[in-house]
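Examining the three-dimensional arrangement
Here is how the chains run, residue by residue.
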Amino acid sequence: MGRFAIEFWGVQAAVEWDDSKFDQAVGNLLLPIWTDDPGLDPEAVFRLKTDNLGQTSVEGPGQDLHPINRADVVETLERRLHLYLATETRQAVFVHAGVVSWQGRTILFPGRSYVGKSTLVQALVRAGTDFFSDEYAIIDPEGMVHPFPRPISLREPEGIRRVDAISLGWDGSLLPMEAGAVIVSRYEEETVWKPEEISRGNAVLELMSNTVSAQGAPNLALTCLGQAVRGVHCYKGSRGESEVTAQRILEHLSTQESNDPWQRTN
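Residues numbered from 1 in each chain as written. Predicted model: local features only at pLDDT ≥ 70, side-chain atom pairs only at ≥ 80, totals over all residues. Heavy atoms only, no water.

Here we come to unusual backbone geometry. Its identity as a non-glycine residue notwithstanding, Gln103 has a phi of 50°, on the positive side. Mapped onto the elements, Gln103 comes out in the loop between β5 (93-102) and β6 (105-110). Backbone geometry at Glu190 places phi at a positive 60°, although glycine is not the residue there. If you trace the backbone, Glu190 turns up in the loop between β12 (179-184) and β13 (196-197). (Helix = DSSP H or I, 4+ residues; strand = E, 2+ residues; numbered from the N terminus.)

Rendered as structure tokens:
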């Protein structure tokens, strides 16, 4: 049987599987920011169980809340594990968002699945930013944004293609950073990104609506998000193709206020 155990933001969890054919796929769920701790004995255990008919299911806390039929049980396991960590921690908040870093700050794109975060993040990485996450922005009570380098899942005509963090340039050297911009956007065909500036209060509401623990720990969420948006640029607007949008975003931020696009205002 395969197994790994982690502690992340004060939450412990273990992953176990009984079929060796999953060794590589499940082993790849151990993110480069995690270390397997064989000495942990968490109450929360996620298991891939294969029955006598060869059917594999996921057992563990919670359930897969995504309505899409997932034939890939490893992806189901991954999402349930990450959602459990996001729900249970009381040390930070997990916001559904794509995140890249640029010129010493992070750019956050809040949004749930299927709004095009992954393709935009990949395009921004190709445009010269550094990869932080395509699933969660982890924000602590000081407002610092922490990396969550899980593999990107890209939906293509032939199916899902996974791109690991190392292939996206992740080398483990990125430290938590302040936010520089919050951009609320979703893909619309044949649309050109023309950002509308929104207030920081509205940006907090957008982030809050994508925060996993917003209902369970609202005070913590408000503290973390309020700190994160201090002095940041906040925009909302539909966007078109990712490659064009990525260039427009960086060009737009480069022209803000001064030669320092991250100059903060109170």
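With mixed pairing, the four strands of this open sheet are ordered in space as β1-β2-β3-β4. Strands at the two margins of the open sheet, each flanked by one partner only, are β1 (2-8) and β4 (56-59). Here the strands of the sheet are splayed against their neighbours by 15° on average, with no regard to which way each runs. Across seven bridges, β1 lies against strand β2 (residues 11-17) in antiparallel orientation. Its bridge partner being in β2, Ala5 is matched across the sheet by Ala14. (Pairing = 2+ DSSP bridges. Axes fitted to C-alpha atoms, helices over the stretch in contact; angles between N-to-C directions.)

Turning our attention to the packing of aromatic side chains. In this structure the tally under the stated criterion is 11 aromatic pairs. Consider the rings of Phe94 and Tyr136, whose centres lie 5.4 Å apart with planes at 75°: the pair is edge-to-face. You can see Phe94 sitting in strand β5 and its partner Tyr136 sitting in strand β8 (residues 136-139), a full 42 residues away along the chain. Its relative accessible area of 2% is what places Tyr136 among the buried residues. Centre to centre, the rings of Tyr136 and Phe148 are 5.8 Å apart; their planes meet at 70°, and the pair counts as edge-to-face. One end of the pair, Tyr136, is in strand β8; the other, Phe148, is in the loop between β9 (145-146) and β10 (152-156), and 12 residues separate them in sequence. (Phe/Tyr/Trp six-rings, centres within 6.5 Å; stacked < 30°, edge-to-face > 60°. Buried < 20%, exposed > 50% of the residue type's maximum accessible area, 1.4 Å probe, protein only.)

This paragraph deals with the environment of Lys236. Note that Lys236 resides in strand β14 (residues 233-236). Since its relative accessible area comes to 39%, Lys236 is described here as partly exposed. Separated by 18 residues in the primary sequence, Lys236 and Pro218 place their C-alpha atoms 24 Å from one another. The residues contacting Lys236, other than those within four sequence positions of it, are Val184, Lys194, Pro195, Glu196, Ile198 and Glu206. A distance of 2.8 Å separates polar atoms of two side chains, one belonging to Lys236 and the other to Glu206. (Contact = heavy atoms within 4.5 Å. Polar contact = N/O pair within 3.5 Å; in protein donor to acceptor, adjacent residues only side chain to side chain.)

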